[in-house]
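Here is how the chains run, residue by residue.
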Amino acid sequence: MRVIVTGGGTGGHIYPALAIARGLRDKVQDCEILYVGTRQGMEAKLVPEAGWRFSGVSGQGLPRKMSWESLKTVARSFQALWQTKEILRHFGPDLVVGTGGYVSGPVVLTAAMFGIPTLLHEQNALPGITNRILARVVKRVTVTFPESLPRFRADGKAVLTGLPVRPDIGKVSRAAGAKHFSLRPERLTLLVTGGSRGARTLNQAMLTVLEKLALRSEVQVIWATGSNTYQETLDGLRRRGIDWERPNWRILEYLKDMPQAYAAADLCLSRAGAASLAELMAAGKPSVLIPYPFAAENHQEYNARALVEAGAARLILDKELTGQRLWQEVEGLLADRALLGRMGAAARGLAQPEALSKIVDLCLETAWK
Ligand SMILES: CC(=O)N[C@H]1[C@@H](OP(=O)(O)OP(=O)(O)OC[C@H]2O[C@@H](n3ccc(=O)[nH]c3=O)[C@H](O)[C@@H]2O)O[C@H](CO)[C@@H](O)[C@@H]1O
């Protein structure tokens, strides 16, 4: 069986696509997978590094206002359609799976036009623009939240599956996770990520948290600042006179090894993108969530509420986030291991461990029926 998976722009579209690729390869003997992304997107680096075959097409998100620059973008989009046609002709897929983000558009659309079976996955309760348009031409749509079903349901294509996470998330032992980062498994560990691109406000607030934690060597920290704000974050630490190169702190641009990072963590501080939340549930980790306030229709806050209501997470709104407020929450939670345990169990209770196998089964059904 030959499958093209496509999705890009941010980790929230890329990792579900990689999870589906892995699920298909594990289930189907001789399954050949090709990942198609843009040459500029995060996927161009992440996907080959994860060991998958990758083909890049031109293009980036479509502009909202017309300008000379945006005309060039439209031209690149036509180029992407042409390049996609060539990729489809050479690879000859039995199925094309799209997980959203700009690149999904030309790839899934062209495949559908050639009569190749197509399946989409939607991560958010409010479907993104690419998936809303593509839903009209694909054979199947799989969704994370029941609330998005009515937006696709008219022709009965949409199925509730949950969000597929990388199969090793939640399967790595604490000892192996800590060892991976050369940390000590018996010590309390804080994991901090601002989604796949980092979060400036969270990074700012973290400076105060680290100022406090600098006095507590028994707490370990793994913090991915995001590539764009790594340097300014280190400058911020320097300005506050905080020596960040410590044996118990790992401050990095990006974590390629989230399964190990979750395994090592006792408490996670995070944005509330749909993939991050599904992973927190799969790993059974307590969290403090700071939703990105400018996500379409404030969907990150909506995403976060389910965990908060189940007692799995605490919520801090971005506009209320200060270093002091974050420290208050972190200090209180780190002091109560029993509470962390209950929150972690509540998170695990929300996980949808069958999401990946449901999607893989639907992929096979879509390709072969
Ligand atoms: C600002 C914005 O609109 N963000 C959207 C974007 O977020 P974003 O791309 O940040 O997506 P998520 O938070 O859902 O997922 C981030 C992914 O990146 C991974 N990761 C992150 C940091 C790191 O150092 N290493 C790493 O591997 C996480 O494990 C996760 O798999 O897509 C999500 C899914 O469509 C949406 O719900 C978010 O609202």
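Parameters at a glance
- Once a new chain begins, its residue numbering starts again from 1 and follows that chain's sequence as written.
- Side-chain atom pairs in this predicted model are given and counted only at pLDDT of 80 or more, local residue features only at pLDDT of at least 70, and totals for whole chains, interfaces and linings cover all residues.
- Side-chain calculation: all heavy atoms of the structure are included, whereas hydrogens and water are not.
- UniProt positions are given in the numbering used here, feature names are shortened, and annotations may be inferred rather than shown by experiment.
- For each residue, the test is whether any non-hydrogen atom lies within 4 Å of the molecule or strand; if one does, the residue is near.
- Any pair of nitrogen or oxygen atoms within 3.5 Å is treated as a polar contact; in protein, a donor-acceptor pairing is required on top of that, and neighbouring residues in sequence qualify only through side-chain atoms on both sides.
- Computed with the Shrake-Rupley method and a 1.4 Å probe, the accessible areas treat only the protein chains shown as cover for residues.
- Think of it this way: any DSSP run of H or I at least four residues long counts as a helix, any run of E at least two long counts as a strand, and we number them from the N terminus.
- Here the term charged refers only to Asp, Glu, Lys and Arg, the term nonpolar to Ala, Val, Leu, Ile, Met, Phe, Trp, Tyr, Cys and Pro, and the term polar to all other amino acids, Gly among them.
- With a 1 Å grid spanning the protein atoms alone, the term cavity applies to any set of points in which a 1.4 Å probe fits but cannot get out, the term pocket to an open set with protein on both sides within 12 Å along at least five of seven lines, and the term lining residue to any residue with an atom within 4 Å of a point.
- Grid points are joined across faces, edges and corners, and a volume is the space filled by probe spheres set on the points.

Looking at the Subcellular location (unreviewed entry) heading of the UniProt record, one finds this comment for the chain: "Cell membrane". According to UniProt, the comment filed for the chain under the heading Function (unreviewed entry) is "Cell wall formation. Catalyzes the transfer of a GlcNAc subunit on undecaprenyl-pyrophosphoryl-MurNAc-pentapeptide (lipid intermediate I) to form undecaprenyl-pyrophosphoryl-MurNAc-(pentapeptide)GlcNAc (lipid intermediate II)."

A. How the structure looks around the site of the ligand. Taken together, 23 residues sit near the ligand, with Asn124, Ser196, Ser276, Glu279 and His299 positioned nearest. A distance of 2.8 Å separates an oxygen atom of the ligand from a polar side-chain atom of Thr10. Here Asn124 contributes a side-chain N or O atom positioned 2.6 Å from an oxygen atom of the ligand. Its free accessible area being 760 Å², the ligand has 89% of it covered by the protein chains. Among the secondary structure elements, those contributing two or more residues to the shell around the ligand are helix H1 (11–27), helix H11 (274–283) and helix H12 (299–309). Looking at the shell around the ligand residue by residue, the class counts come to 8 nonpolar, 13 polar and 2 charged.

B. Just the layout of surface pockets, in detail. Approximately 350 Å³ is the volume found for the second largest pocket. Together, 16 residues line the second largest pocket, and Tyr15, Leu18, Ala50, Arg166 and Lys256 are the ones closest to its centre. Looking at the lining of the second largest pocket, the elements with two or more residues in it are H1, helix H2 (43–49) and helix H10 (258–264). Per element, the largest residue contribution to the lining of the second largest pocket is 5 residues, and it comes from H1. When its residues are assigned to classes, the lining of the second largest pocket shows 8 nonpolar, 1 polar and 7 charged.

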